[in-house]
Amino acid sequence: MTAEDSTAAMSSDSAAAASAKVPEGVAGAPNEAALLALMERTGYSMVQENGQRKYGGPPPGWEGPHPQRGCEVFVGKIPRDVYEDELVPVFEAVGRIYELRLMMDFDGKNRGYAFVMYCHKSEAKRAVRELNNYEIRPGRLLGVCCSVDNCRLFIGGIPKMKKREEILEEIAKVTEGVLDVIVYASAADKMKNRGFAFVEYESHRAAAMARRKLMPGRIQLWGHQIAVDWAEPEIDVDEDVMETVKILYVRNLMIETTEDTIKKSFGQFNPGCVERVKKIRDYAFVHFVSREDAVHAMNNLNGTELEGSCLEVTLAKPVDKEQYSRYQKAAKGGGAAEAAVQQPSYVYSCDPYTLAYYGYPYNALIGPNRDYFVKG
């Protein structure tokens, strides 16, 4: 072998070794050099699998548990030729990235969306607040919102005489990872359920596997077909907003129970503390003069009986009025919902399924369970 041949062989070996270090999905990418420079700068790993390219997860030096629920944001409207080398600097500016997953197409371009998980929930909220409508390219605005790791299924077609324990036992026989079953009593007859329930699973994966197993045609419960779909995710309200709430949401009242009776019961701890009561069918909103009075009444009356019915008492969740009005416009025949108690910046809603059950426009009516609830 000549000296020139030896040099060429060594050069070839070096190139092969360098290529071997480049992760799958990065090697051969149109911006390979920029991605490698990003990895060098941050120390994060990057690998492509199952149609997505994952940056981090966990980040370098991570020793703690996996970030809690609520730490992830969804990023949409990404130009298809924008990649991690442009996205990471934007999203790391508001918090430490635990993982960024960019959805990829077979042609090497992205599919227009990604998921960014932060190490802390506060960082994810800051990303939504500061980076929604961020101009990533001239005239191209990103859409950033909270990503919901849904662990709850809606199941319809349940015999109305079945109790919560019976439903839990039956569902746990055929699916794994069941944590809880939520059943609402009928407004007219508290001994009956409303024909549907919500099943909470230990993880999104467990819920997804259960949904697949319970799809119509695959299995029957109590001898007949059931309806199954993802439940609408619970509304996530900032803790600082919830700390100002002085309105209670009361469920499971008797139809015959009057607003005066409710006011007397909830005002028993401090005369004059209740401003007003708004009751609709078997639930109500109780407005207090102060938050302290509201919390005291909630702690003392939740789980107690009023006129023979066990009360469920929680703080009312305020929902952004702009968001709520979008729900109303999207719902068929969407007039103003009677149950919405307006405040300067928020409307207070009860759980979406109670509203939907009585025909009020709410997100359940435009969500995956719409057909089950919309009345003819």
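Description of the structure in this document. No experiment lies behind these values; they were computed from the predicted model shown. (Residues numbered from 1 in each chain as written. Predicted model: local features only at pLDDT ≥ 70, side-chain atom pairs only at ≥ 80, totals over all residues. Heavy atoms only, no water.)

### Digging into the overall build of the chain
Where we set the bar: By definition, any uninterrupted DSSP run of H or I lasting at least four residues is a helix, any uninterrupted run of E lasting at least two residues is a strand, and each is numbered from the N terminus. Relative accessibility thresholds used throughout: buried, under 20% of the residue-type maximum; exposed, over 50%; partly exposed, between the two (1.4 Å probe, protein chains only). Areas reported here follow the Shrake-Rupley algorithm with a probe of radius 1.4 Å; residue values treat only the protein chains shown as occluding.
For the chain, the helix and strand inventory stands at 12 helices and 21 strands. Across the 376 residues of the chain, 45% fall into the buried class. Accessible surface computed for the chain: about 19500 Å², of which carbon and sulfur atoms make up 49%.

### Points about the packing of aromatic side chains
How we decide: Ring geometry is summarised as follows: Phe, Tyr and Trp rings, the Trp one being its six-membered ring, pair when their centres sit within 6.5 Å, and such pairs are stacked at plane angles under 30 degrees, edge-to-face over 60 and tilted between the two.
Evaluation of the coordinates by the stated rule reveals 12 aromatic pairs. Between Phe74 and Tyr113, the aromatic rings sit 5.8 Å apart at their centres with planes inclined by 35°, giving tilted as the arrangement. Of the two residues, Phe74 is situated in strand β3 (residues 72-76) and Tyr113 in strand β5 (residues 110-118); the sequence distance between them amounts to 39 residues. Geometrically, the ring pair formed by Tyr184 and Phe196 is edge-to-face, given 6.3 Å between the ring centres and 85° between the ring planes. With a gap of 12 residues between them, Tyr184 in strand β10 (residues 178-185) and Phe196 in strand β11 (residues 193-201) connect regions that are remote in the sequence. In terms of burial, Tyr184 and Phe196 fall into one category: buried. Through a chain of ring-to-ring contacts, the aromatic side chains of Phe154, Tyr184, Phe196 and Phe198 assemble into a single cluster.

### With respect to the sheet that holds strand β12 (residues 227-230)
Going by this rule: Strand pairing is assigned whenever DSSP detects at least two bridges linking the two strands. All axes are obtained by fitting lines to C-alpha atoms, using only the stretch in contact for helices, and the reported angles, taken between N-to-C directions, cover 0 to 180 degrees.
A sheet is described by the order of its strands in space; here 4 strands give the open sequence β10-β11-β9-β12, paired in antiparallel fashion. Looking at strand neighbours, the two that pair on one side only are β10 and β12, the edges of this open sheet. Averaged over neighbouring strand pairs, the angle between their axes works out to 25° when direction is ignored. The sheet contact formed by β10 and β11 spans 6 bridges and is antiparallel.

### Describing the environment of Asn300
Keep this limit in mind: Any N or O atom pair separated by 3.5 Å or less is treated as a polar contact, with the protein-specific requirement of one donor-capable and one acceptor-capable atom, and with residues adjacent in sequence counted only for side-chain atom pairs.
Note on placement: Asn300 falls in helix α9 (residues 291-301). The sequence separation of Asn300 and Val313 amounts to 13 residues, and the corresponding C-alpha distance is 9.5 Å. Of note is the side chain of Asn300, whose polar atom sits 2.7 Å from the backbone oxygen of His296.

### Details of the side chain of Glu84
The line we're drawing: We call two residues in contact when some of their heavy atoms are within 4.5 Å.
Take Glu84: it is sitting in helix α3 (residues 84-91). According to the relative accessible area criterion, Glu84 is buried, its value standing at 0%. Engagement of the side chain of Glu84 in a polar contact is seen with the side chain of Arg53, the distance being 2.8 Å. Excluding residues that lie within four positions of it along the chain, Glu84 makes contacts with Leu35, Leu38, Met46, Arg53, Pro89, Leu100 and Leu102.

### A few points about the sheet that holds β5
Strands in a sheet are paired, the pairing made by backbone hydrogen bonds, and the direction either parallel or antiparallel. Strands sit in the order β1-β2-β4-β5-β3-β8 across an open sheet of 6 strands; the sheet is antiparallel. Looking along the sheet, the strands with just one partner apiece sit at the ends: β1 (46-49) and β8 (143-146). The mean angle between the axes of side-by-side strands here comes to 20°, regardless of whether they run parallel or antiparallel. In the sheet, β1 pairs with strand β2 (residues 52-56) via 4 bridges, with the strands oriented antiparallel. Paired with Glu49 across the two strands is Gln52, which belongs to β2. Those strands touched by α3 are β1, β2, β3, β4 (97-104), β5 and β8, and its axis lies near 145° from that of β4. Across the sheet, helix α4 (residues 121-131) touches β3, β5 and β8, and the angle it forms with β8 is around 150°.

### Examining the nonpolar core
As a rule of thumb, nonpolar side chains are buried together in soluble globular proteins. The condition that has to hold: Here, nonpolar core refers to any group of buried Ala, Val, Leu, Ile, Met, Phe, Trp, Tyr and Cys residues whose side-chain atoms link them within 4.5 Å.
Counting 32 residues, the largest nonpolar core has Phe91 and Tyr118 as its most contacted members. Going through the elements one at a time, α2 (32-42), β3, α3, β4, β5 and α4 are the ones with two or more residues in this core. Setting aside its immediate chain neighbours within four residues, Phe91 contacts Val75, Ile97, Val116, Tyr118, Leu131, Leu142 and Val144. Listed in part, the 21 residues of the second largest apolar core include Cys273, Val274, Ala294 and Ala297.

### Structural notes on the environment of Gly308
Here Gly308 is to be found in the loop between β16 (305-306) and β17 (309-310). Residue Gly308 is classed as exposed on the basis of its relative accessible area, which comes to 59%. C-alpha separation for the pair Gly308 and Met254, spaced 54 residues apart in sequence, amounts to 7.8 Å.

### Quick word on helix α5 (residues 164-174)
The condition that has to hold: It is the directions from the helix axis to the C-beta atoms that the arc portrays.
Within α5, burial applies to Ile167, Glu170, Ile171 and Val174. Angularly, the buried residues of α5 cover 95° about the axis, an arc narrow enough to put them on a single face. Every exposed residue of α5 that faces more than 90 degrees away from the buried side is listed here: Glu165, Glu169 and Lys173. In this structure, the buried side of α5 is in contact with β9 (152-156), β10, β11 and α6 (204-214).

### Topic: the pairing of β5
For β5, the tally of buried residues reaches 7 of 9 residues, placing the bulk of the element in the interior. The pairing of β3 with β5 spans 4 bridges and is classified as antiparallel. If you follow Val73 over to β5, its bridge partner there is Val116. As judged from the 6 bridges shared by β4 and β5, these two strands associate in the antiparallel manner.

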